[in-house]
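Structure assessment
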Amino acid sequence: MCSARAADAKVLCVRARFAPSPTGDLHLGGAWTALAAWVLARRRGGATVLRVEDLDTPRVRAGSAARIEEDLARLGLDWDEGPAPGGSYAPYTQSERGPLYEAALAELDRRGLVYPCDCSRKEIAARAATEASAPHGAELRYPGTCRDKSPGRSMRRDPALRLRVPEESAVRFVDAVQGAVEERVADAAGDFVLRRADGMFAYQLAVSIDDWAMGITDVVRGADLLPSTARQLLLVRLTGATFAPRYWHVPLVLASSGDRLAKRAALGTVRALFERGVAGEEIVGALAHGLGLASDARPRSPRELVDGPAEPALRRDPWTAPSFDPAVS
Ligand code: GLU
């Protein structure tokens, strides 16, 4: 498959990825993101890449990755690269990519950008709350408690490894859906975790190194991950990367009841819809219309969406999925 970068960092071809976590069956929100990634790649003659993000082992469910792949195939979404077809950026399953994350961590460490932290979650919360810059949102800014402590000290518990976020940590980018974003990582997140105390590589490290190493040009994912993007861009910049992907943060999908689908796993899985006799094309048609990729919601296959603007203006605000009830006549 084509490679994303020449030595001068010019993009040679589009590579869009879908990166599900195998923690349950594919829900409509996942299908929505996958469809957007697939269409954005195909409209520009690019490659579709499927990456399985299974690092958070307590949440991973056996067999879930295979079921997600089956459901995607049933929707008509095919992947040029991924765990099943393979590809020149293999492996495509994060639990098999440890040496790569290890190398990135070592490079950051060599640059003096990593330090151990043995604070408990409770201690961080207590200290962050007393700081004038305590955040108002859900994310906790790490107050830098261990930043200047000796890394050779005896630790009170297994330490996490954190990134020493530089002062000049301003990140600016234009999200292709949500618009311009500007954030100073030092203020928003502080020194964030690269490897957790339990030894697991943190999502922020794995995802940004993978997107970079796999030559991803277009990162398509849910808008709930928009606040992570500045951290990820900063991280790859600090490892020496000269190329940044384009981000498309698609809005969340709500169940007809208004609930978030991702939080209610049993609600709105694609598998449950198939079992109720809803056809893949019906799902794709509704999602494509919701996303702004089609002018109506009639059933259609993904292939029927390939002709269309290469830079579509995607929907920006949350979308309420239909209930896919059988038509009453
Ligand atoms: N694996 C993450 C999820 O399924 C998505 C990560 C990403 O797209 O950056 O929620």
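Below, the structure is looked at part by part. Note that the structure is predicted; figures quoted are calculated from it, not measured.

Overview of the site of the ligand
Taken together, R17, A19, P20, S21, E53, Y203, V207, R221 and L225 are the residues near the ligand. One nitrogen or oxygen atom from the side chain of R17 is found 2.6 Å from an oxygen atom belonging to the ligand. Between the ligand and E53, the relevant distance is 2.6 Å, taken from a nitrogen atom to a side-chain nitrogen or oxygen of the residue. Considered on its own, the ligand offers 300 Å² of accessible surface; in the complex 74% of this is hidden by protein. Looking at side-chain class alone, the shell around the ligand contains five nonpolar, one polar and three charged residues.

Remarks on the sheet that holds strand β4 (residues 160–163)
Sheet strands line up and pair through hydrogen bonds in the backbone, either parallel or antiparallel. If you walk across this open sheet you meet the three strands as β3-β4-β7, and the pairing is antiparallel. Whereas interior strands pair on both sides, the edge strands pair on one side only; in this sheet they are β3 (114–117) and β7 (193–195). Looking at each pair of strands side by side, their axes are set apart by 45° on average, direction ignored. Across two bridges, β4 lies against β7 in antiparallel orientation. If you follow R162 over to β7, its bridge partner there is V193. Contacts between helix α3 (residues 98–110) and the sheet are confined to β3, β4 and β7, with β7 contributing the most and set at about 125° to the helix.

A few points about the packing of aromatic side chains
Applying the stated criterion across every chain, the model contains four aromatic pairs. A cation sits over an aromatic face here: R74 above F274, 4.1 Å from the ring centre. For the cation-ring pair, R162 lies above Y142, with the distance from its terminal atom to the ring centre recorded as 3.6 Å.

What about helix α9 (residues 280–291)?
Residues three or four positions apart in an α-helix share a direction because the helix packs 3.6 residues into each turn. For α9, which comprises 12 residues, the first-to-last C-alpha distance of 16 Å matches the rise-based estimate of 16 Å (1.5 Å per residue) to within 8%. Taking burial as the measure, the 12 residues of α9 include nine buried ones, the bulk of the element. Residues of α9 that are buried: G280, I283, V284, G285, A286, L287, A288, G290 and L291. In the core, the buried residues of α9 are packed alongside α1 (28–42), α2 (64–75), β9 (246–250), α8 (270–275) and β11 (319–320). The positive-phi residue at the C-terminal boundary of α9 is G292, with phi of around 95°.

A few points about empty space enclosed by the protein
Per the stated rule, a full pass over the model turns up one cavity of 30 Å³ or more. Taken as a whole, the largest cavity encloses approximately 70 Å³ of empty space. Lining the largest cavity we find 11 residues, and of these S208, D211, W212, V236 and P245 sit closest to its centre. Secondary-structure elements contributing two or more residues to the lining of the largest cavity are α6 (203–213) and α7 (229–238). In terms of residues, the lining of the largest cavity owes the most to one element, α6, which gives four residues. Partitioned by chemical class, the residues of the lining of the largest cavity number seven nonpolar, two polar and two charged.

Some words on the packing of α1 against α9
Here α1 crosses α9 at 70°, and the two axes come no closer than 10 Å. One finds that α1 runs roughly perpendicular with respect to α9. Every residue of α9 that contacts α1 at L28, A31, W32, L35 and A36 is listed here: I283, V284, L287, A288, G290 and L291. The residue inventory of the contact of α1 with α9, partitioned by class, reads 10 nonpolar, one polar and no charged.

Some thoughts on the sheet that holds strand β2 (residues 47–50)
With respect to topology, four strands assemble into an open sheet ordered β2-β1-β8-β9, the strand pairing being parallel. Each edge of the sheet is formed by a strand with only one pairing partner; in this case those strands are β2 and β9. On average, each strand axis in the sheet is tilted by 25° relative to the strand beside it, whichever way the strands run. Where strand β1 (residues 15–18) and β2 come together, four bridges link them in parallel fashion. Looking at β2, one finds that R15 is bridged to A47.

What counts, and at which threshold
Residues numbered from 1 in each chain as written. Predicted model: local features only at pLDDT ≥ 70, side-chain atom pairs only at ≥ 80, totals over all residues. Heavy atoms only, no water. Near = heavy atom within 4 Å. Polar contact = N/O pair within 3.5 Å; in protein donor to acceptor, adjacent residues only side chain to side chain. Areas by Shrake-Rupley, 256 points an atom, 1.4 Å probe, with all protein chains shown as cover. Nonpolar A, V, L, I, M, F, W, Y, C, P; charged D, E, K, R; others polar. Pairing = 2+ DSSP bridges. Helix = DSSP H or I, 4+ residues; strand = E, 2+ residues; numbered from the N terminus. Axes fitted to C-alpha atoms, helices over the stretch in contact; angles between N-to-C directions. Contact = heavy atoms within 4.5 Å. Phe/Tyr/Trp six-rings, centres within 6.5 Å; stacked < 30°, edge-to-face > 60°. Lys NZ or Arg CZ within 6 Å of the ring centre and 35° of its normal. Expected span 1.5 Å × (residues − 1). Buried < 20%, exposed > 50% of the residue type's maximum accessible area, 1.4 Å probe, protein only. 1 Å grid on protein atoms, 1.4 Å probe; cavity = no way out; pocket = protein on both sides within 12 Å on 5 of 7 lines; lining within 4 Å. Points joined across faces, edges and corners; volume = space filled by probe spheres on them. Parallel < 35°, antiparallel > 145°, perpendicular 65-115°, else oblique.

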